[in-house]
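Okay, here's what each chain looks like letter by letter:
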Amino acid sequence: MLIHFRDKMEIGKPEMNIGLDRIYAAESRICKIDGENGRLYYRGYPIDVLAERSNFEEVSYLLVYGKLPSIEELSRFRKELREERNLSSGTINMISQMSKRNAHPMHILSATVASIASEDVDINDRSDGAELRRSVKLIAKMASIVATIGRYIGGEEYQAPDPELPHAANFLYMLTGKSPDSFQAKIIDLMFMLQAEHSTNASTFAALVTSSTLADMYMSISSGINALSGVLHGGADEAALKMMKSIGKPENANEYIENALASKQKIMGFGHRVYKAYDPRAKILRKYMEELEGHSNPDSKTLTEIALEIERIMAAKKLGEAKGIWPNIDFFTGPVYTAVGMPGYLFTPVFAASRISGWCAHIIEYRKNNRLIRPLEYYSGEIGIEYVPIEKR
Ligand code: ACO
């Protein structure tokens, strides 16, 4: 049981909950994670059904508006997204001014998203209508910004969007300058859907903490991006790819895992705070990875073999049964993204461009009954220490 401090009355050391593990901080109707059984629902719809039958635009509408759209609603939503795809010359210049040698694309993404607030003519309008318009703008522009950052790092000029293409296919077009084939477009659309939402994970919570101070949506989304970048969260996708590349071939996997576990190092792409069963998103992605044959390139094939070998070794150690450590969604992204030519440094930015729908949905929902998020910490230092002048210390 948690002990609360009330009226400045301290009742001894409270039960601590480091990492807010198993703490309910909000009530929501957006997402349900059934961690014990490895199930995930967006607004009540199972993720495997959405992944099979829906698309990113429809899933985004579902998350933000709270219901599946009619034909007319989806068509209007798609039109609004297309109208917001283009980036201003100010945004394109801002991206190209940042050092690609020192900054990770996530730094550039975070700064750029915060900067597009300067183009919002009704920035102080916080009505539901304005926040929904802002969500559409952010969902559309995040993909364009990530594509433009990718081109900038590759030394290419801005590629204007193609209004004829759906969201995921247009993202690939803006990244590569070529219209993607249906397989490539399907993979990106799938990834966008699988990563669109995941309740109050660290990045969504970070976005909510910022939003709860009544900071605007751009600042809040920027906070979400920052939190997503770490390797314990969204950054694990790029870290898992680096791990697989450093392993090099399946025969080396056993030695790597043994050494890592012996030195208490985390295996990237394994484990989850809430799932104690197999992450359903990883299950879907694993299936796609195994079906890549024929579309794949040699790098992706090698990564697939390494991934399957790591998974086999971890399963043999019974870490799933003992500690609930199974592959999470970030584990299989390397082989899958490599099959469509996505560079590792864009994995987490693409994750952010997917999660934007969930972040917006949560910000809008929490605002309805906003309360400043402000947990306590237990101070275990000394108090009342005499101040000694610097020359006498
Ligand atoms: N590899 C090896 N051991 C692990 C792993 C892992 N990936 N994850 C957890 N463990 C072990 C810990 O060493 C610890 O063991 P111990 O009890 O013997 O000390 C135990 O499992 C509990 O680990 P915690 O880190 O306390 O569990 P937590 O709930 O905080 O972990 C986390 C969740 C941070 C995701 C963790 O599993 C991890 O670091 N995984 C690797 C990074 C990763 O893949 N992150 C992506 C998560 S999905 C997402 O954010 C999109």
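Quick caveat: nothing in here was measured; it's all calculated off a predicted structure.

For the rest of this paragraph, the subject is the overall build of the protein. A tally of regular secondary structure across the protein gives 17 helices and 3 strands. What you see for the protein is a C-alpha radius of gyration of 22 Å, in line with the 21 Å of a compact globule of 393 residues. With the C-alpha coordinates of the protein rotated into their principal frame, the extents come out at 70 × 55 × 50 Å. Burial statistics for the protein: of 393 residues in total, 51% are counted as buried. Sequence separation of at least 24 residues holds for 74% of the intrachain contacts in the protein that already meet a minimum separation of 6. When the accessible area of the protein is evaluated, it comes to approximately 20,100 Å², of which 51% is carbon and sulfur surface. Across the protein, 48 positive and 50 negative side-chain charges occur, with their mean positions spaced 2 Å apart.

Further remarks concern the pairing of strand 2 (residues 39–42). Residue alternation in strand 2 divides its side chains into a buried set, Leu40 and Tyr42, and an unburied set, Arg39 and Tyr41. By the bridge criterion, 4 bridges tie strand 1 (residues 31–34) to strand 2 in an arrangement that is antiparallel. Opposite lysine 32, over in strand 2, you have tyrosine 41 as the bridge partner. The sheet contact formed by strand 2 and strand 3 (residues 45–46) spans 2 bridges and is antiparallel.

Attention now moves to the pattern of salt bridges. Taken as a whole, this structure holds 18 salt bridges when the rule is applied. Note that arginine 134 and aspartate 122 form a salt bridge whose closest N and O atoms lie 3.5 Å from each other. Placement of arginine 134 in helix 6 (residues 128–153) and of aspartate 122 in the loop between helix 5 (105–115) and helix 6 is noted, with a sequence separation of 12 residues between them. On the basis of relative accessibility, which here comes to 3%, the residue arginine 134 falls in the buried class. A relative accessible area of 26% means that aspartate 122 is categorised as partly exposed. Here aspartate 279 and arginine 281 are joined by a salt bridge, their closest N and O atoms 2.8 Å apart. What makes aspartate 279 buried here is its relative accessible area of 1%. Taken together, the shared-partner salt bridges connect Asp120, Asp122, Glu131, Arg133, Arg134 and Arg367 into one network.

We now examine the packing of helix 5 against helix 6. At a minimum axis distance of 10 Å, the contact between helix 5 and helix 6 shows a crossing angle of 140°. Taken together, the axes of helix 5 and helix 6 are oblique relative to one another. Taken as a pair, helix 5 and helix 6 cross one another with a handedness that is right-handed. Counted together, Pro105, Ile108, Leu109, Thr112 and Val113 of helix 5 and Leu138, Met142, Ile145, Val146, Ile149, Tyr152 and Ile153 of helix 6 form the full contact between these two elements. In terms of residue class, the contact of helix 5 with helix 6 is made up of 11 nonpolar, 1 polar and no charged.

Splitting the protein by domain gives domain 1 (31–230 + 346–367) and domain 2 (236–339). The straight-line distance from the C-alpha centre of domain 1 to that of domain 2 is 26 Å. Taken together, the contacts link 27 residues of domain 1 with 23 residues of domain 2. Here domain 1 meets domain 2 over a buried area of about 2,200 Å², counting both sides, of which 70% is carbon and sulfur. If you look at where domain 1 meets domain 2, you find 0 salt bridges. Listing elements by their share of the side of domain 1 that touches domain 2, those giving two or more residues are strand 1, strand 2, helix 1 (47–53), helix 8 (182–194) and helix 17 (347–368). With 7 residues, the single largest contributor to the side of domain 1 that touches domain 2 is helix 8. Residue composition of the side of domain 1 that touches domain 2, grouped by class: 13 nonpolar, 8 polar and 6 charged.

A separate point is helix 9 (residues 202–212). When you tally the buried positions in helix 9, you get 9 out of 11 residues, the bulk of the element. Taken residue by residue, helix 9 has Ser203, Thr204, Phe205, Ala206, Ala207, Leu208, Thr210, Ser211 and Ser212 as its buried positions. Buried residues in helix 9 make contact with helix 10 (217–228) and helix 17. After helix 9 finishes, the residue leucine 214 shows a positive phi value of roughly 70°.

Right, let's get into the site of the ligand. Taken together, 19 residues surround the ligand, and among them His233, Ile267, Gly269, Phe270 and Lys323 come closest. Here an oxygen atom of the ligand and a backbone polar atom of glycine 269 are 2.9 Å apart. In this structure, arginine 273 approaches the ligand through a side-chain N or O atom, which is 2.9 Å from an oxygen atom. Look at the ligand: alone it shows 900 Å² of surface, and the protein chains cover 73% of it. Residue classes in the shell around the ligand are distributed as 9 nonpolar, 5 polar and 5 charged.

Right, let's get into the nonpolar core. Among the nonpolar cores identified, the biggest contains 110 residues, and Leu109, Phe171, Ile221, Ile310 and Met342 are the most heavily contacted of them. A domain-level breakdown of this core finds at least three residues from each of domain 1 (31–230 + 346–367) and domain 2 (236–339). Not counting residues up to four positions away in its chain, the partners in contact with isoleucine 221 are Val113, Leu138, Ile356, Trp359, Cys360 and Ile363.

Okay, the packing of helix 3 (residues 71–83) against helix 6 next. Relative orientation of the contacting elements helix 3 and helix 6 amounts to 60°, with a least axis distance of 8 Å. With respect to each other, helix 3 and helix 6 are oriented oblique. By crossing handedness, the relation of helix 3 to helix 6 is classed as right-handed. Contacts from Phe77, Glu80 and Leu81 in helix 3 reach Val136, Ile139 and Ala140 in helix 6. Partitioning the contact of helix 3 with helix 6 into residue classes produces 5 nonpolar, no polar and 1 charged.

How each quantity is defined
Residues numbered from 1 in each chain as written. Predicted model: local features only at pLDDT ≥ 70, side-chain atom pairs only at ≥ 80, totals over all residues. Heavy atoms only, no water. Helix = DSSP H or I, 4+ residues; strand = E, 2+ residues; numbered from the N terminus. Rg over C-alpha atoms; globule rule 2.2 N^0.38 Å. Buried < 20%, exposed > 50% of the residue type's maximum accessible area, 1.4 Å probe, protein only. Contact = heavy atoms within 4.5 Å. Areas by Shrake-Rupley, 256 points an atom, 1.4 Å probe, with all protein chains shown as cover. Lys, Arg positive; Asp, Glu negative; His and termini not counted. Charge placed at Lys NZ, Arg CZ, Asp CG, Glu CD. Pairing = 2+ DSSP bridges. Salt bridge = Lys/Arg side-chain N within 4 Å of Asp/Glu carboxyl O. Axes fitted to C-alpha atoms, helices over the stretch in contact; angles between N-to-C directions. Parallel < 35°, antiparallel > 145°, perpendicular 65-115°, else oblique. Left-handed = near helix turned anticlockwise from the far one by under 90°. Nonpolar A, V, L, I, M, F, W, Y, C, P; charged D, E, K, R; others polar. Domains from an automatic or database assignment. Buried area = accessible area lost by both parts, 1.4 Å probe. Near = heavy atom within 4 Å. Polar contact = N/O pair within 3.5 Å; in protein donor to acceptor, adjacent residues only side chain to side chain. Core = buried A, V, L, I, M, F, W, Y, C linked by side-chain atoms within 4.5 Å.

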